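Structural features, examined
Chain by chain, the residues run as shown.
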Amino acid sequence: MVQMTMIEAIASAMDNAMAADEKVIVFGEDVGFFGGVFRCTAGLQKKYGSNRCFDTPISELGIVGAAIGMAAYGLKPCIEIQFADYMYPAYDQLVSESARLRYRSAGQFTCPMVVRMPTGGGIFGGQTHSQSPEALFTHVAGLKTVVPSNPRDAKGLLIAAIEDPDPVIFLEPKRLYNGPFDGHHTRAVTPWKKHALGEVDDGYFTLPLGRAKIHKEGSAVTILAYGTMVHVAEATLVETGIEGEIIDLRTLSPLDLDTIAQSVEKTGRCVVVHEATLTCGFGAELAALVQEHCFYHLEKPVMRVTGWDTPYPHAQEWDYFPGPKRLGRALIETMEV
Amino acid sequence: MSDNCENKHLELHIPEPEWRPGDTPDFSNVVIPKAGSVLRPPVDVDAQDIRDLAYTIIRVLDKNGNAVGDWGGLLGDEELIAGLRHMMTLRSYDARMQLAQRQGKTSFYMQHLGEEAISCAFGKALNKGDMNFPTYRQAGLLIADDYPLVDMMCQTFSNTGDPLKGRQMPVFYSARDHGFFSISGNLATQYIQAVGWAMASAISHDTKIAAAWVGDGATAENDFHAALVFASTYRAPVVLNVVNNQWAISTFQGVALGESGTFAARGHGFGIPSLRVDGNDYLAVYAVAKWAVERARANLGPTLVEYVTYRAGGHSTSDDPAAYRPKSESEQWPLGDPVLRLKNHLITKGAWSEERHEQAEAEILEIIMTAQKQAESLGTLNGDKIPSAHNIFEDVYARMPAHLRRQRQQCGV
């Protein structure tokens, strides 16, 4: 075991995957010599050569479109979109092409690729470096969507995503790169180097896609969270003294409905939390599934705590970000008899 | 500010085709370079030195049916007769499928009328293992590679024999073993994918190359430009084909092109060697394709090729060209009919005759009718022999996730 930041864990995942399979290649804007603006690909070009890790022109459409062709050829591209906010020019390639290639060709052509992108807010990134577009991917048949919340999961899930025979969107909560940010922006964050979840196996290992993890056990209420919100939920429970259970979804699609349903059947209460905007967000899908599958166990309506239905603001970041205060209010309301 | 700018209002330029229904098309002002007049450069030529090839038209067959100039002479009589038969097969197949659509046996069809030479000849320039990323008007690639007609028909009819299990609209074939990538309906998306495929071949130190296909209208899509950027940056082993058939449904090519330069000349800004060829001249198409393929294979990078042709039929069975262009435009088109031109060439050479042509036509029709009978025995879209509904849920992922298993159950299949 080695103490790693989430950045190092992600780099280690690609390092191990590239060492294990020469079909794995890495490319994107600034990922080669420089090692990526967040350093997630540091050292890969030096170790594996520019034939397998290289810089691209600034064209997200081009990066994803070329990766689809490479995957169809038989390589396993693991590509980086510098910020999830820059993904939109490539959206047609992701939705109409990568997600449907296996289906429309009846399995003649497939698209085993991973599209990594930093997601979420908390870094004063304004509207173009803070978005959480996960629902735009979970709505697409044929894509898988993963959001890790800590270094260990990030590494195991990323290697599993690279092994996966279908296209996987891998969203990296950028506010978690260096430590488990809990929403208290005025407090120092404990770095991953001093955190139990920063202890990561140095070698090759996978965590299965499609399985949630009970981040913290509890019986009073179920909090469905992923990414940064897992740590916001943890802080909120400490501060409110509520014995809640936190489910870290880890993979949004395919979703681990069994783990969710078991927890809600136990607690009878459920709060969903995410950074993305409310309307038609992934929380809407979770709330619908919980009422459909756990209706007779519910004591209270399922509540959602999310970003507001506005663009992500700059100066007012902490009024936008769904931190422990907002989540705490929702939990207290949900706990009322 | 000078005074003469005062009171001058700006005006937007909207390109318009020269002729609309009711007009008499007159192509006499269109300069068609003489067959054989364009020299064939070595494949390792610098793109700078052949800029003129993007503004001319490379032609081999002259109006008397002779093959002239140094782009000719690559194919023997037997190969040319085979090429003629491929084009005739494609035309005959199209006619039968067009009719089948009118009879309600399928929902939709797209024919190649006037454009047969391009895909039929290009297909012969590739090797086994190379990959085309075609649009919906390159089925000649399949025919020239002896893909079974019955399978094409089963796809078109979406019947129980459909290799794509009823999931794709008619003519959106996919045939990996025949170097034919699955066709998308979103235009130009596959242009950049072809470049990626070619890059993968180079990364893997393979010998295979890719061919990208797009129409004149869809060159306006971002994907086309991203493809040119990536192809030139990484010198990908890819042939970038633009089929300029003059019409994007009802929109003439000047709307995508902006009435200046040529589609081939789009390659110049990227330093990509770019050629313009007579798309209705089987020999010229083959020669230019061969040249571009050779360049890619020799690791010399991409080539952009514009095929100048004319879409003699409608865009699809849902389209009526009489609503936006003169009916006689296709007859007036100065580059003639590709089947007739190759036929005349072979007759001029003494390798073919009217009798043999008629005989071949009858043989081909017989082959197609037999195939159609066989395909129809497996069903048509308006019958009850269509692929089972359980195919809706398969191949979305390699392994079916739980939510799709639940939905399949709800669907009752």
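Residues numbered from 1 in each chain as written. Chains lettered and ligands numbered in written order. Predicted model: local features only at pLDDT ≥ 70, side-chain atom pairs only at ≥ 80, totals over all residues. Heavy atoms only, no water.

Our next topic: the overall build of chain A. Along its length, chain A carries 12 helices and 14 strands. Taken over C-alpha atoms, the radius of gyration comes to 19 Å for chain A, in line with the 20 Å a tight globule of 337 residues would show. Dimensions of chain A, computed from C-alpha atoms along their principal axes, come out at roughly 60 × 45 × 40 Å. Evaluated residue by residue, chain A yields a buried proportion of 64% over its 337 residues. In the form shown here, chain A has an accessible surface area of approximately 12,200 Å², with 53% of it arising from carbon and sulfur atoms. Of the side-chain charges in chain A, 29 are positive and 40 negative, and the distance between the mean point of each set is 3 Å. (Helix = DSSP H or I, 4+ residues; strand = E, 2+ residues; numbered from the N terminus. Rg over C-alpha atoms; globule rule 2.2 N^0.38 Å. Buried < 20%, exposed > 50% of the residue type's maximum accessible area, 1.4 Å probe, protein only. Areas by Shrake-Rupley, 256 points an atom, 1.4 Å probe, with all protein chains shown as cover. Lys, Arg positive; Asp, Glu negative; His and termini not counted. Charge placed at Lys NZ, Arg CZ, Asp CG, Glu CD.)

In this section: the interface of chain B and chain A. A common way to express how large an interface is: the accessible area buried when the components associate. Counting residues at the interface gives 44 residues for chain B and 43 residues for chain A. Taken together, both faces of the contact between chain B and chain A bury some 3,500 Å²; the carbon and sulfur share is 61%. Three residues, Arg176, Ile203 and Tyr397 of chain B, lead the burial of chain B against chain A; their summed loss comes to 19% of the area buried on that side. Between chain B and chain A we count zero salt bridges in total. (Contact = heavy atoms within 4.5 Å. Buried area = accessible area lost by both parts, 1.4 Å probe. Salt bridge = Lys/Arg side-chain N within 4 Å of Asp/Glu carboxyl O.)

A separate point is the side chain of Lys105 of chain B. Residue and element names in this part refer to chain B. By secondary structure assignment, the location of Lys105 is in the loop between α1 (77-102) and α2 (116-124). Here Glu376 takes part through its side chain, which lies 3.0 Å from a polar atom of the side chain of Lys105. Not counting chain neighbours up to four residues away, the residues in contact with Lys105 comprise Ala100, Phe157, Gln372, Glu376, Thr380, Leu381 and Asn382. (Polar contact = N/O pair within 3.5 Å; in protein donor to acceptor, adjacent residues only side chain to side chain.)

Our next topic: the environment of Asp85 of chain A. Residues and elements named next belong to chain A. For Asp85, the location among the structural elements is in the loop between β4 (76-80) and α4 (91-97). Among the residues examined, Asp85 registers a relative accessible area of 8% and is labelled buried. For Asp85, the residues in contact, after removing those within four places along its chain, are Gln127, Thr128, His129, Ser130 and Gln131. A distance of 3.2 Å separates the side chain of Asp85 from the backbone nitrogen of His129, its partner in a polar contact.

Okay, the domain arrangement of chain A next. Residue and element names in this part refer to chain A. The assigned domain composition of chain A is domain 1 (2-200) and domain 2 (213-335). For domain 1 versus domain 2, the distance between C-alpha centres works out to 25 Å. Each partner contributes residues to the interface: domain 1 has 35 residues there, and domain 2 has 31 residues. When the two sides are added together, the surface that domain 1 and domain 2 hide from each other amounts to roughly 2,600 Å², 60% of it contributed by carbon and sulfur. (Domains from an automatic or database assignment.)

Attention shifts here to the sheet that holds strand β13 (residues 270-277) of chain A. Residue and element names in this part refer to chain A. On the basis of which strands lie adjacent, the open sheet formed by five strands has the order β9-β11-β10-β13-β14 and mixed pairing. Two strands close off the open sheet at either side, each with one partner strand: β9 (213-216) and β14 (303-307). Averaged over all pairs of adjacent strands, the angle between strand axes in this sheet comes to 25°, irrespective of strand direction. Alignment of strand β10 (residues 222-225) against β13, held across three bridges, turns out to be parallel. Looking at β13, one finds that Thr222 is bridged to Cys270. (Pairing = 2+ DSSP bridges. Axes fitted to C-alpha atoms, helices over the stretch in contact; angles between N-to-C directions.)

Here we take up the layout of surface pockets. Space inside the largest pocket adds up to approximately 1,400 Å³. Looking at the lining of the largest pocket, the elements with two or more residues in it are α6 (134-138), α7 (151-163), β12 (251-253), α9 (257-267) and α10 (282-294) of chain A together with α12 (402-411) of chain B. Broken down by element, the residue count for the lining of the largest pocket peaks at seven residues, all from α12 of chain B. Considering only residue class, the lining of the largest pocket consists of 25 nonpolar, 11 polar and 12 charged. (1 Å grid on protein atoms, 1.4 Å probe; cavity = no way out; pocket = protein on both sides within 12 Å on 5 of 7 lines; lining within 4 Å. Points joined across faces, edges and corners; volume = space filled by probe spheres on them. Nonpolar A, V, L, I, M, F, W, Y, C, P; charged D, E, K, R; others polar.)

Residues other than glycine predominantly adopt negative phi, and peptide bonds predominantly adopt the trans conformation. Residues and elements named next belong to chain A. Cis rather than trans, the peptide bond between Ser253 and Pro254 has omega equal to 0°. Structurally, Pro254 is set in the loop between β12 and α9. A positive phi angle, close to 65°, is found at Arg250, a residue other than glycine.

Let's shift gears to the packing of helix α5 (residues 189-203) of chain B against helix α6 (residues 222-234) of chain B. Residues and elements named next belong to chain B. Put simply, α5 and α6 touch, their axes get as near as 7 Å, and they point 20° apart. Accordingly, the angle class assigned to the pair α5 and α6 is roughly parallel. Note on packing geometry: the crossing formed by α5 with α6 is left-handed. When α5 is examined against α6, the residues Thr189, Tyr191, Ile192, Val195 and Met199 are found in contact with a partner set consisting of Asp223, Phe224, Ala226, Ala227, Leu228, Phe230, Ala231 and Tyr234. Tallied by class, the residues present in the contact of α5 with α6 amount to 11 nonpolar, one polar and one charged. (Parallel < 35°, antiparallel > 145°, perpendicular 65-115°, else oblique. Left-handed = near helix turned anticlockwise from the far one by under 90°.)

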